[in-house]
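Report on the structure
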Amino acid sequence: MHLRHLSLTNFRNYIRLELDLPLGLTIVQGRNAQGKSNLLEAIVYLATGKSLRAGNDAELVSWLVRDEPYPFARMAAEVARGEKRDQIDITLLPSRGNGRFRKQVRINAVNKRAMDLVGMMRTVIFRPEDVDLVSGSPGQRRRYLDIALCQMSPDYCRALSHYQKVLTQRNALLRNLAERGRSGDAGAQLRYWDEKLVESGGLVIARRQWLIHELEKDAAVLHLDLSGGVERLHLRYLPSFDPGRQPASRGAVISTAKLREQGVSYPDLTPEQARASFLAHLYAGRDRDMAAGMTLIGPHRDDLGFYLGEQNLRAYGSRGQQRTAALASKLAEVAIMTRVSGEAPILLLDDVMSELDATRRAMLLEVIPQVRQAIVTTTDWDYFSSGLLDAANRLQVQEGRLSAAA
Ligand code: ATP
Ligand code: MG
């Protein structure tokens, strides 16, 4: 897979960009606030239909055109696979003057849903905030799993979005019941939403469990290299209920503290098994959910744990240990994506060199030859060896304009 050409119009601080990209390594150098992250954000948006940082799509449209009568932003990519060429095109258009934007996705000039983008162009992005994956919030770790899984399979993406919609509805019902008291058919209503929730939730649980197991295999090996240590890195799935066990009887107080601390490992768990178990746990936890006015268990409460031996790195690891583990699992993602899809993803590194010490930087750079195309941003050329610089396509960015580096 090769991102051959990128076009941006009114995307953040890029008013107009037409950029050819070769295979191999491209390094984009620029001072702070010139457009390094914006460039990679646009590529990820084209790959996934989502921004990693914008709360809403309006943020992506250049400020300079906001007051025009018909403001819009456009991102387009030409992707090559062997002889095949695909054109991905996303336009953000104003939706009826309410300050919001809707997105129009076209693939090879035919209108498509955002979901259809999945698999057209796969990316692995490593950003400065990913360095803090181990110490960051559970939500950040769930997002990390979701972005990888979504790019690997459209059905995961569909299940996740279905799950989120149903969860909102089940929570609305629970809130209602908590405020107004239980009505006669509360049980039947909940049962309806339980079944809908586990329908997609089961797949989300099983796939996350699978990915964590896969990540662990590759990350452990990489970690030994990175740390020069002897202790093996473990990645564990930390769910809010144990999908491999029957729930305690209805209403019984169960402690999830141990589960959240030590995690579980069921690499072969099927979506059907996860579904059945999730349904049983929802039923057993119904009284608690009604009292709380929300759904207390499920994939929306999942977490991912990193361990060295028995030591939980989030709680006990040094900053250096946490960063090494994050780097190892990020690099593992490249290997898994390659295995699953049969082609290496496009590697995007957003100014992470400055976050790492010399040893980890060297390890990170070793992954570049394993992919066919890498786009790396940096504030400083000095992080790269002269050998790497000579072989790279070197660009410079200033105020949203790219040019060949001097
Ligand atoms: P750093 O080294 O600090 O990470 P960067 O080169 O990655 O910097 P970007 O995050 O790409 O910088 O941002 C570049 C500029 O784009 C910033 O000055 C930001 O204010 C600007 N910007 C962000 N959104 C918009 C927008 N919608 N319209 C115009 N400019 C924007
Ligand atoms: Mg940046």
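Starting from 1, residues in each chain are numbered consecutively following that chain's sequence as written. A letter from A marks each chain and a number from 1 marks each ligand, given out in the order of writing. The predicted nature of this model means local features are confined to residues of pLDDT at least 70 and side-chain atom pairs, given and counted, to a pLDDT of 80 or more, with totals for whole chains, interfaces and linings taken over all residues. Side-chain numbers come from the whole structure's heavy atoms, not from hydrogens or water.

1. What about the overall build of the protein?
Inclusion rule: Helix and strand assignments follow DSSP, with helices taken as H or I runs no shorter than four residues and strands as E runs no shorter than two, numbered in order from the N terminus. Throughout, the radius of gyration refers to the C-alpha atoms, and the reference size of a globule is 2.2 Å times the residue count to the power 0.38. Each residue's exposure class comes from its accessible area (1.4 Å probe, protein chains only) as a fraction of the maximum for that residue type: buried when under 20%, exposed when over 50%, partly exposed otherwise. In this analysis, two residues are considered to be in contact whenever any of their non-hydrogen atoms come within 4.5 Å of each other. Only the protein chains shown count as cover for residues, and the accessible areas themselves come from Shrake-Rupley with a 1.4 Å probe. The charge count includes Lys and Arg as positive and Asp and Glu as negative, but it does not include His or the ends of the chains. Charged groups are reduced to one reference atom each: NZ for lysine, CZ for arginine, CG for aspartic acid, CD for glutamic acid.
Looking only at helices and strands, one finds 11 helices and 15 strands in the protein. Scaling as 2.2 N^0.38, a compact globule of 406 residues should have a C-alpha radius of gyration of about 22 Å, and the protein matches this with 23 Å. Along the first, second and third principal axes, the C-alpha atoms of the protein reach 70 × 60 × 40 Å. Counting only residues that meet the buried cut, the protein has 53% of its 406 residues in that class. Restricting to contacts in the protein with at least 6 residues of sequence separation, those with at least 24 account for 70%. Summing over all exposed atoms, the protein offers an accessible surface of approximately 18300 Å²; the carbon and sulfur share of this is 49%. Of the side chains in the protein, 55 bear a positive and 47 a negative charge, and the two mean positions are spaced by 5 Å.

2. A short note on the layout of surface pockets
To keep things clear, this is the line we draw: Two kinds of site are reported from a 1 Å grid over the protein atoms alone, namely cavities, where a 1.4 Å probe fits but cannot get out, and pockets, open sets with protein on both sides within 12 Å along at least five of seven lines, and residues are called lining when an atom falls within 4 Å of a point. Grid points are joined across faces, edges and corners, and a volume is the space filled by probe spheres set on the points. Each residue is assigned to one of three groups, with Ala, Val, Leu, Ile, Met, Phe, Trp, Tyr, Cys and Pro labelled nonpolar, Asp, Glu, Lys and Arg labelled charged, and all others, Gly among them, labelled polar. Residue ranges for the domains trace back to a domain assignment, done automatically or taken from a database.
One number sums up the size of the largest pocket: a volume of about 750 Å³. In terms of residue count, the dominant contributor to the lining of the largest pocket is helix H2 (residues 138–152) (seven residues). Its residues placed into classes, the lining of the largest pocket shows 14 nonpolar, 11 polar and seven charged. Two domains each put at least three residues into the lining of the largest pocket: domain 1 (2–122 + 343–404) and domain 2 (138–315).

3. A short note on the packing of aromatic side chains
Where two aromatic rings form a pair, the distance of their centres and the angle of their planes describe that pair. The condition is simple: A pair of Phe, Tyr and Trp rings is counted when the ring centres sit within 6.5 Å of each other, with Trp represented by its six-membered ring. The angle between the planes then sorts it: under 30 degrees is stacked, over 60 is edge-to-face, the rest tilted.
According to the stated counting rule, one finds three aromatic pairs in the structure shown. Considering the side-chain rings of Phe-241 and Phe-278, the 5.2 Å spacing of their centres and the 15° angle between planes classify their relative orientation as stacked. One end of the pair, Phe-241, is in the loop between strand S9 (233–238) and helix H5 (257–262); the other, Phe-278, is in helix H6 (residues 271–284), with 37 residues separating them in the sequence. Residue Phe-241 shares its accessibility class with Phe-278, and that shared class is buried.

4. As for the environment of Gly-263
As for its position among the elements, Gly-263 is in the loop between H5 and H6. Accessibility expressed as a relative area gives 13% for Gly-263, which makes it buried. Spatially, the C-alpha atom of Gly-263 lies 9.0 Å from that of Asp-303, the residues being 40 residues apart in sequence. Beyond its immediate stretch of four places on either side in the chain, Gly-263 contacts Arg-236, Tyr-237, Leu-238, Lys-258 and Tyr-307.

5. Details of the pattern of salt bridges
How we decide: For this analysis, a salt bridge means a side-chain nitrogen from Lys or Arg found within 4 Å of a carboxyl oxygen belonging to Asp or Glu.
Applying the stated criterion to the full structure yields 31 salt bridges. Glu-129 is the partner of Arg-127 in a salt bridge, and the nearest nitrogen-oxygen pair spans 3.4 Å. Look at Arg-127 and you get buried, because its relative accessible area is 15%. Measuring nitrogen to oxygen at the nearest pair gives 3.9 Å for the salt bridge that ties Asp-130 to Arg-127. Ionic contacts of the salt-bridge type, sharing partners, join the residues Asp-132, Arg-319, Arg-323 and Glu-355 into one network.

6. Looking at the side chain of Asn-10
Spelled out, the test is: What qualifies as a polar contact is a pair of N or O atoms within 3.5 Å, subject to a donor-acceptor requirement within protein and to the restriction that residues adjacent in sequence count only when both atoms come from side chains.
With respect to the helices and strands, Asn-10 occurs in strand S1 (residues 2–11). Under the relative-accessibility criterion, Asn-10 is labelled buried at 6%. For Asn-10, the side chain forms a polar contact with the main-chain oxygen of Phe-72, separated by 3.0 Å. Residues in contact with Asn-10, not counting those within four places in the same chain, are Ile-15, Leu-60, Val-61, Ser-62, Val-65, Phe-72 and Ala-73.

7. Details of the sheet that holds strand S14 (residues 393–398)
The condition that has to hold: The pairing criterion for strands is at least two bridges between them, as found by DSSP. For helices, the axis comes from a line fit to the C-alpha atoms of the stretch in contact; other axes are also lines fit to C-alpha atoms, and the angle between any two N-to-C directions lies between 0 and 180 degrees.
Strand order in the open sheet formed by six strands is S8-S12-S13-S3-S14-S15, with mixed pairing between adjacent strands. Looking at the sheet topology across the chains shown, the edges are occupied by strand S8 (123–126) and strand S15 (401–404). For this sheet, the mean inter-axis angle between neighbouring strands, taken without regard to orientation, is 20°. Of the strand pairs in this sheet, strand S3 (residues 24–29) and S14 are connected by four bridges, and their pairing is parallel. Residue pairing across strands places Thr-26 opposite Asn-393, the latter belonging to S14.

8. Overview of the domain arrangement of the protein
Accessible area lost upon the coming together of the parts is a frequently used measure of interface size. Defined as follows: Note: buried area is the sum, over both parts, of the accessible area (probe 1.4 Å) each one loses when the two are combined.
Assigned domains of the protein: these are domain 1 (2–122 + 343–404) and domain 2 (138–315). When each unit is reduced to the centre of its C-alpha atoms, the spacing between domain 1 and domain 2 is 32 Å. Counting residues at the interface gives 10 residues for domain 1, matched by 12 residues for domain 2. Taken over both partners, the interface formed by domain 1 and domain 2 buries close to 900 Å², and the fraction arising from carbon and sulfur atoms is 72%. It is Met-115, Val-118 and Met-363 in domain 1 that bury the most area against domain 2; as a group they hold 54% of the surface buried on that side. The interface formed by domain 1 and domain 2 contains zero salt bridges. At the boundary of domain 1 with domain 2, the tally comes to one residue pair in polar contact (both at pLDDT 80 or more). Secondary-structure elements contributing two or more residues to the side of domain 1 that touches domain 2 are helix H1 (36–48) and helix H10 (358–366).

9. Describing empty space enclosed by the protein
Scanning all chains against the criterion turns up one cavity of 30 Å³ or more. Size it by volume and the largest cavity reaches roughly 170 Å³. Leu-52, Asp-130, Tyr-144, Ile-147 and Lys-330 are the residues nearest the centre of the largest cavity, which is lined by 15 residues in total. Where the lining of the largest cavity is concerned, the elements lending two or more residues are S8, H2 and helix H9 (319–341). Take the lining of the largest cavity: its biggest share by element is five residues, from H2. The residue inventory of the lining of the largest cavity, partitioned by class, reads seven nonpolar, three polar and five charged.

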